[in-house]
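Listed below are the residues making up each chain.
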2 protein chains.
Amino acid sequence: MSRENLKNIEKQISVYKHGKVPKELRIAQIVLTARTMFAQNGYTNSSMDELAKRVRVSKPVIYELVGSKDNLFKMILTEAGQELQDRIQNAVDEASTLESKLKAGGLAFFNFVKEHRQLWLALFVNDQGLFSKDIALIRKEQSDLVSNLIVSSNAFENSSLTYISGIAHALNGAYEALAIWWFDHPEIEPETLANWITELLLPTDLPLNR
Amino acid sequence: MSRENLKNIEKQISVYKHGKVPKELRIAQIVLTARTMFAQNGYTNSSMDELAKRVRVSKPVIYELVGSKDNLFKMILTEAGQELQDRIQNAVDEASTLESKLKAGGLAFFNFVKEHRQLWLALFVNDQGLFSKDIALIRKEQSDLVSNLIVSSNAFENSSLTYISGIAHALNGAYEALAIWWFDHPEIEPETLANWITELLLPTDLPLNR
DNA sequence: TATAGTAACCTACTTATAGTAGTTTACTAC
DNA sequence: GTAGTAAACTACTATAAGTAGGTTACTATA
């Protein structure tokens, strides 16, 4: 991601005294500036007027070079997605056993998020602001429900509350992702889905709807 | 959710010949109409002008009664979130063992999604359109990676590809949710998070970072 | 060194949509 | 039948995406 950083690009640009900068360089500057802007403000709260101001260029230049706000966001999204994917794939490839592959892949993912917190949030999670807090609240309530379930069952009796809270959120994320996946597999019964996740958490040797 | 349906409300409204409808009734009509509109078009692609048209009222009436587009969406989001929460809680309460509680809770969730597919998507997942396809593509690539991992490890050797695909998506959802949760627990190391999910999937009896 | 061609850029607009100021209409109580 | 008010309206502002059409500065060739 961003093989060249913004400082470099702008140094190169400063050479062109009267402001006529070659296309490629200008595009790189726009994309990198936009990436920062989206990370700071999210998609909706970023405006093309502001971007033009930051790049010190008029709006039609932006549109000429990157097409539209949507397209600009998609470029950034796709590039970041590719880097994330590559990093996970490499990590997995370099490990040998299933367990070490899972650990390595997970670690690669969390390291990516750590390095690009704001950007990751803006690109992959939601259009920050507006409703993220409200949705977070609903998620928290559901996770609390799961946490209570786990605690009262003594299934993880030697575990810390932090761990349980994290696992509860992870579990809710799993349900949600499975529900999204379900849109493309509508023939599956709700009972089956519920069984899948239960079985994943509490493995039994009983034959299951797999 | 929607103790009264829209048909009922509009029947009551039709009594008021010259269009002066009591506040409460009008609010109910607006909220229910908006819920349908948001479910159909998502937040961004819904406009207050269109809502006013559907309700056959001028825009200031809408603003007088529900404040703003944001607020309207939040009302609907909160109500739906509350119903979802209640249904899961009831299902969990009525079951006895941990396993049956997990199944019942999961089933309640998936039934809710089934009954309100479009609305659930619009409220809880994303502002449809724009980037949902691009994000879905990235998620799919990552899930494929996980699927391949599972298949090649023979960890689930008697499982169908559909099941494996679903589980892979669920697992990715778990990672993502844990990363979001991480924003509120930044002191935790990436390694710890990666271990948590690995351990969840492949339980060992070794002591762990819990 | 003049000038034709073009890449890069600009000013000033249109369109869409959230939100509002100020006014009018119909029902209600006396 | 008239005063008061709840409900509604017309017509506006502001912001932001996107565009039409024209201008400027570099480049190649005579």
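See the structure shown above.
Cut-off values and rules
Residues numbered from 1 in each chain as written. Chains lettered and ligands numbered in written order. Predicted model: local features only at pLDDT ≥ 70, side-chain atom pairs only at ≥ 80, totals over all residues. Heavy atoms only, no water. Helix = DSSP H or I, 4+ residues; strand = E, 2+ residues; numbered from the N terminus. Rg over C-alpha atoms; globule rule 2.2 N^0.38 Å. Buried < 20%, exposed > 50% of the residue type's maximum accessible area, 1.4 Å probe, protein only. Contact = heavy atoms within 4.5 Å. Areas by Shrake-Rupley, 256 points an atom, 1.4 Å probe, with all protein chains shown as cover. Lys, Arg positive; Asp, Glu negative; His and termini not counted. Charge placed at Lys NZ, Arg CZ, Asp CG, Glu CD. Least-squares fit on C-alpha atoms with pLDDT ≥ 70 in both. Phe/Tyr/Trp six-rings, centres within 6.5 Å; stacked < 30°, edge-to-face > 60°. Lys NZ or Arg CZ within 6 Å of the ring centre and 35° of its normal. Salt bridge = Lys/Arg side-chain N within 4 Å of Asp/Glu carboxyl O.

Trainee: Please clarify how the overall build of chain A should be interpreted in this entry.
Mentor: What chain A contains, in helices and strands, is 10 helices and 0 strands. Going residue by residue from the N terminus, the α and β elements of chain A occur as α-α-α-α-α-α-α-α-α-α. Taken against the 2.2 N^0.38 rule, which gives 17 Å for 210 residues, the C-alpha radius of gyration of chain A at 22 Å runs more than 25% over that of a compact globule. Dimensions along the principal axes, computed over C-alpha positions, put chain A at roughly 75 × 40 × 40 Å. Counting across all 210 residues of chain A, residues that qualify as buried make up 49%. Counted over contacts in chain A with a minimum sequence separation of 6, partners at least 24 positions apart contribute 49%. Put simply, chain A shows about 10,700 Å² of open surface, and 52% of that area lies on carbon and sulfur atoms. Separation of charge centres in chain A, based on 23 positive and 26 negative side chains, amounts to 14 Å.

Trainee: Where do I start with the relation of the copies chain A and chain B in this structure?
Mentor: What relates the pair of chain copies is a rotation about an axis plus a shift along that axis. Once turned by 180° and shifted 0.0 Å along the axis, chain A lies on chain B with an RMSD of 0.0 Å. Taken together, the rotation and translation describe the operation of a two-fold axis. Most of the interface of chain A is mirrored in chain B, where 99% of its interface residues again form contacts.

Trainee: What is the right way to read the environment of Ala108 of chain B from this model?
Mentor: Residue and element names in this part refer to chain B. Mapped onto the secondary structure, Ala108 falls in helix H6 (residues 98-115). Given a relative accessible area of 11%, Ala108 falls into the buried group. For the pair Ala108 and Ala91, spaced 17 residues apart in sequence, the C-alpha to C-alpha distance is 6.5 Å. Filtering out sequence-adjacent residues up to four positions away, Ala108 remains in contact with Arg87, Ile88 and Ala91.

Trainee: Explanation requested: the packing of aromatic side chains in the structure shown.
Mentor: For any pair of aromatic rings, the description consists of the separation of the ring centres together with the inter-plane angle of the planes. Under the counting rule described, the total for this entry stands at 28 aromatic pairs over all chains. Taken together, a centroid distance of 6.1 Å and an interplanar angle of 70° make the contact between Tyr175 of chain A and Phe109 of chain B edge-to-face. Remark: Phe109 of chain B occurs in helix H6 and Tyr175 of chain A occurs in helix H9 (residues 161-182); the pair is interchain, linking two chains. Residue Tyr175 of chain A is classed as buried on the basis of its relative accessible area of 7%. By relative accessible area, which is 6% here, Phe109 of chain B ends up buried. Where Trp181 of chain B meets Trp196 of chain B, the ring centres are 5.8 Å apart and the plane angle is 55°; that geometry is what we call tilted. Within this pair, whereas Trp181 of chain B is found in helix H9 (residues 161-182), its partner Trp196 of chain B is found in helix H10 (residues 190-201), the two being separated by 15 residues in sequence. Of the two residues, Trp181 of chain B and Trp196 of chain B, neither departs from the other in class, the shared state being buried. Pairwise contacts between aromatic rings join Phe109, Phe110 and Trp120 of chain A together with Tyr175, Trp182 and Phe183 of chain B into one cluster. Looking at Lys69 of chain B, its charged tip hangs above the ring of Tyr43 of chain B, at a distance of 4.4 Å from the centre. The ring of Phe183 of chain A has Arg117 of chain B sitting right over it, with the charged end atom 5.3 Å from the ring centre.

Trainee: Teacher, can you tell me more about the pattern of salt bridges here?
Mentor: Two side chains carrying opposite charge are able to pair once their charged atoms lie near each other. Residues and elements named next belong to chain A. If you walk through the whole model with that rule in mind, you get 14 salt bridges over all chains. Across the salt bridge formed by Arg54 and Glu50, the nearest N and O atoms sit 2.7 Å from each other. Residue Arg54 and its partner Glu50 are both found in helix H3 (residues 48-55); the two are separated by 4 residues, about one turn of the helix. Its relative accessible area of 28% is what places Arg54 among the partly exposed residues. The salt bridge involving Glu115 is made with Arg87; its shortest N-O contact spans 2.9 Å. Of the two residues, Glu115 sits in helix H6 (residues 98-115) while Arg87 sits in helix H5 (residues 69-94), which places them 28 residues apart along the sequence. One salt-bridge network, held together by shared partners, links Glu83, Arg87 and Glu115.

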